[in-house]
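Listed below are the residues making up each chain.
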Amino acid sequence: MVLGILKEIKDERRVAMLPENVATLVKMNVSVIVEKDAGLGAFASNSDYESAGGKIDTKENVIHQSDVLVKINPPTTEERGLIKDGKVFIAVLSPYYNPDLIKEFATKNITSFSFDVIPRTTRAQAIDILSSMATVAGYKAVLTAANTLPKFFPMFMTAAGTITPAKVLVLGAGVSGLQAIATSRKLGAVVEAFDVRAAVKEEVTGIGGKFIEVEGASDDKAAGGYAVEQSDEFKQKQAQAIHDHAIQSDVIICTAQIPWKKAPVLLKKETVEAMKPGSVVIDLAASTGGNCEVTKNNETIIHNGVTVIGNSFLAVDMPADASKMFGKNVINFLKLIITKEGSLNLNWEDDIVKGSAVTHNREIVHEKVKAAIDG
Ligand code: NAD
């Protein structure tokens, strides 16, 4: 089997697989072709890929010669034009937001797997790209905040006086939120966190954060560990609690998401206006609408003296280790669909293979994606 690694668009510095992953694939009896300069943003040169056993070629040749194509982002218009029948395409396809691409893949008989719909089971943890990238984003969010804040994070007792520690409020204590709490604590800040899932309280306190409790949240066990939408009464109580804590905070890291829905608005405009000037809000939920009412996606704005950074793609700013984690996740997925002899074996009995497939045999095979696309 031939596997092709495609180069990402200009501002995406990560690459789906690094030379070390190519070496693993070669040991798995897979031939690898890498698009020229695919790894440069992540500091992997063409010769590094060649030394690992890969071949470097043009985009066109990579697409034509590969049986399986791997990328981080969905294919570009040019790539869509080049992909022919019968190929396998693996990427983070965001299928709910890209219905035209998914319909085109079905029509063209492309088998596609999307890393963002992989079932989040214990067995799938080693393949969970959402978790790895959220870990990077949570860490980077804190560093970005610390760099922007006109104050120290840790407490200092110096001859020039005592510096009080920064106060960080983390909204949403999922994977990125927990990483943001841990990183803020390591930098010496005082950290508070809020989540609708009461189950995370112990995790927050276990890493040194204080959990803000608001009673009456709907915690739906059927949502597989994810949050669900909340009642209006709860939202009001929550808004007040967040307001009270926000105005005491120097930094707010927003990470709250509800899968495939608009992000909940947790930080109102009035609250931002009541925050201390110089404070910083990092909104990792910006691409799905943002947790902060004044967030502008992919922009940094200053609202009433508060810097609000809307960026859901902070993982891009740590391309080497983000690619390392992404590549390891990809290898773990490929192990499920490649035989010892190095040939492709799509095992539809495997819940991870089945659960992450979006199109196959000219059909949309992912039930939820199909329902969303068919309306
Ligand atoms: P996410 O990105 O969907 O959401 C981030 C956090 O925001 C979640 O903790 C959620 O509860 C919270 N949130 C949503 N609405 C909110 C609101 N109105 N107010 C406050 N907080 C709100 O979630 P995630 O980080 O991808 O993962 C969430 C959970 O999924 C994990 O904690 C875990 O239980 C499960 N998970 C399982 C696996 C696995 O087993 N493979 C991997 C990762 C996550």
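Just so we're clear, the structure is a prediction, and the values are computed from it rather than from any experiment. All residue numbers refer to position in the chain's written sequence, counted from 1. pLDDT decides what is reported in this predicted model: residues at 70 or higher carry local features, side-chain atom pairs at 80 or more are listed and counted, and totals for whole chains, interfaces and linings draw on all residues regardless. Side-chain measures were taken over the full set of non-hydrogen atoms in the model, leaving aside hydrogen atoms and water.

Asker: Please provide a residue-by-residue account of the overall build of the protein, values included.
Answerer: Labels follow the DSSP assignment, with helices taken as runs of H or I lasting at least four residues and strands as runs of E lasting at least two, numbered in each case from the N terminus. Each helix and strand counted, the protein has 13 helices and 17 strands in total. Relative to the compact-globule value of 21 Å for 375 residues, the protein shows a C-alpha radius of gyration of 22 Å, a close match. Going through the 375 residues of the protein one by one, you find that 51% of them count as buried. Within the protein, contacts between residues separated by at least 24 positions form 64% of all contacts whose residues are at least 6 apart in sequence. Side-chain charges in the protein split into 41 positive and 45 negative, and the spacing between the mean points of these groups amounts to 2 Å. Throughout, the radius of gyration refers to the C-alpha atoms, and the reference size of a globule is 2.2 Å times the residue count to the power 0.38. Whether a residue is buried, partly exposed or exposed follows from its accessible area with a 1.4 Å probe, protein chains only, as a fraction of its type maximum: under 20%, in between, or over 50%, in that order. Whether two residues are in contact is decided by their heavy atoms, any of which lying within 4.5 Å being enough. For the charge count, each Lys or Arg is scored as positive and each Asp or Glu as negative, with His and the chain ends excluded. Charge coordinates come from a single atom per side chain, which is NZ of Lys, CZ of Arg, CG of Asp or CD of Glu.

Asker: Tell me about the environment of I127, residues and numbers included.
Answerer: Checked against the element boundaries, I127 lands in the loop between β6 (111-114) and α6 (129-148). Take I127: its relative accessible area is 3%, and that puts it in the buried class. For I127 and K167, which are 40 residues apart along the polypeptide, the C-alpha to C-alpha distance reads 34 Å. Discounting chain neighbours no more than four positions away, the residues touching I127 are F115, I118, N329, N332, F333, L336 and I352.

Asker: If you had to explain the site of the ligand to someone new, which residues and values would you point to?
Answerer: Surveying the vicinity of the ligand reveals 23 residues, the closest of which are R120, D128, V175, D195 and R197. Contact distances for the ligand include 3.2 Å between an oxygen atom and a backbone N or O atom of G174. All accessible-area figures derive from a Shrake-Rupley calculation using a 1.4 Å probe, and residue coverage is judged against the displayed protein chains alone. Coverage of the ligand by the protein amounts to 86% of the 830 Å² it exposes when considered alone. Nonpolar residues are Ala, Val, Leu, Ile, Met, Phe, Trp, Tyr, Cys and Pro. Charged residues are Asp, Glu, Lys and Arg, and all others, Gly as well, are polar. Across the shell around the ligand, the residue classes tally to ten nonpolar, nine polar and four charged. Here, proximity means that at least one heavy atom of the residue falls within 4 Å of the molecule or strand. Each polar contact in these results corresponds to two N or O atoms within 3.5 Å; when the atoms are within protein, one needs to be able to donate a hydrogen and the other to accept it, and residues that are neighboring in sequence are counted only if both atoms are side-chain atoms.

Asker: Explain the sheet that holds strand β2 (residues 31-35) to me, and be specific about the residues and the numbers.
Answerer: Two strands are said to pair when DSSP picks up at least two bridges between them. With mixed pairing, the eight strands of this open sheet are ordered in space as β3-β2-β1-β4-β5-β6-β16-β17. With one partner strand each, in any of the chains shown, β3 (55-57) and β17 (363-364) form the two edges of the open sheet. Sheet topology note: the β6/strand β16 (residues 357-360) ladder contains two bridges and is antiparallel. Of the residues in β16, the one forming a bridge with S112 is T359.

Asker: So, the nonpolar core: which residues are in play, and what are the values?
Answerer: The definition of a nonpolar core used throughout is a set of buried Ala, Val, Leu, Ile, Met, Phe, Trp, Tyr and Cys residues joined through side-chain atoms within 4.5 Å. In terms of nonpolar packing, the biggest core is built from 45 residues, with L3, M17 and F115 touching the most fellow members. Taken together, the elements giving at least two residues each to this core come down to β1 (2-5), α1 (19-27), β2, β4 (68-70), β5 (88-91), α6, α11 (319-337) and α12 (351-356). The dominant element in this core, judged by the number of residues it contributes, is α11, at seven residues. When residues no more than four places from it in sequence are discounted, the contact partners of M17 are L3, I5, L25, Y49, V70, G327, V330, I331 and L334. Grouped together as the second largest cluster of nonpolar side chains are 26 residues, I181, F211, I282 and I309 included.

Asker: I'd like a description of the packing of α1 against α11, backed by residues and values.
Answerer: The angle between two axes is taken between their N-to-C directions and runs from 0 to 180 degrees, where each axis is a line fitted to C-alpha atoms and a helix contributes only its stretch in contact. One way to put it is that α1 packs onto α11 with a least axis distance of 9 Å and a crossing angle of 15 degrees. When the interaxial angle is binned, α1 and α11 end up roughly parallel. Relative to α11, the crossing made by α1 is right-handed. On the side of α1, the interface is formed by E20, N21, T24 and L25, while α11 contributes K324, G327, K328, I331 and L334. When grouped by side-chain class, the residues that make up the contact of α1 with α11 number three nonpolar, three polar and three charged. Angular relationships are summarised with four words: roughly parallel below 35 degrees, roughly antiparallel beyond 145, roughly perpendicular across 65 to 115, and oblique for the angles in between. Crossing handedness is read from the near helix: turned anticlockwise from the far helix by less than a right angle, it gives a left-handed crossing, and turned clockwise, a right-handed one.

Asker: Give a detailed account of the pattern of salt bridges, specifying residues and quantitative values.
Answerer: Note that side chains of opposite charge can pair when their charged atoms are close. A pair is scored as a salt bridge if a Lys or Arg side-chain nitrogen falls within 4 Å of a carboxyl oxygen belonging to Asp or Glu. If you walk through the whole model with that rule in mind, you get 18 salt bridges. Put simply, K276 and D250 hold a salt bridge, and the shortest N to O gap is 3.1 Å. On the criterion of sequence distance, the pair formed by K276 in the loop between α10 (269-274) and β13 (280-283) and D250 in the loop between α9 (232-246) and β12 (251-254) is long-range, its members being 26 residues apart. For K276, a relative accessible area of 35% corresponds to the partly exposed category. Via salt bridges that share partners, E35, K59, K71 and E79 belong to a single interconnected network.

Asker: Describe in detail the sheet that holds strand β10 (residues 190-194), supporting the description with residues and values.
Answerer: Across the sheet, which stays open at both edges, the seven strands sit in the order β11-β10-β9-β12-β13-β15-β14 with mixed pairing between neighbours. Edge positions in the sheet fall to β11 (210-211) and β14 (300-303), since each has one partner strand and no second. Strand contacts of α6: β12, β13 and β15 (306-310), with the helix running at about 155 degrees to β13, the strand carrying the most contacts.

Asker: Can you lay out the pairing of β10 for me, pointing to particular residues and giving the numbers?
Answerer: Burial analysis of β10 places four of its five residues in the buried class, which makes it a mostly covered element. By the bridge criterion, five bridges tie strand β9 (residues 167-171) to β10 in an arrangement that is parallel. Within the sheet, the bridge partner assigned to K167 lies in β10 and is V190. For the crossover from β9 across helix α7 (residues 175-186) to β10, the handedness is right-handed. As judged from the two bridges shared by β10 and β11, these two strands associate in the parallel manner. The handedness of a crossover follows from its direction of travel: if, with the strands pointing away from the viewer, the path from the first strand over the helix to the second runs clockwise, the crossover is right-handed.

Asker: Before we move on, could you go through unusual backbone geometry and cite the residues and values that matter?
Answerer: Phi at F43 takes a positive value of approximately 65 degrees, unusual for a residue other than glycine. Examined against the element boundaries, F43 turns out to sit in the loop between β2 and α2 (46-51). With phi around 60 degrees, N298 is a residue other than glycine that occupies positive phi space. Tracing the backbone through its elements, the reader meets N298 in the loop between β13 and β14. Of the residues examined, N298 reaches a relative accessible area of 54% and is grouped as exposed.

Asker: Talk me through the packing of aromatic side chains; I want residue IDs and the actual numbers.
Answerer: In this scheme Phe, Tyr and Trp rings, the latter by its six-membered ring, pair at centre separations within 6.5 Å, and the angle between planes marks the pair as stacked below 30 degrees, edge-to-face above 60, and tilted otherwise. If you walk through the whole model with that rule in mind, you get eight aromatic pairs. With a centroid separation of 5.6 Å and an interplanar angle of 45 degrees, the aromatic rings of F89 and F105 are classed as tilted. Of this pair, F89 sits in strand β5 while F105 sits in helix α5 (residues 99-107); the two residues are 16 residues apart in sequence, bridging distant segments of the chain.

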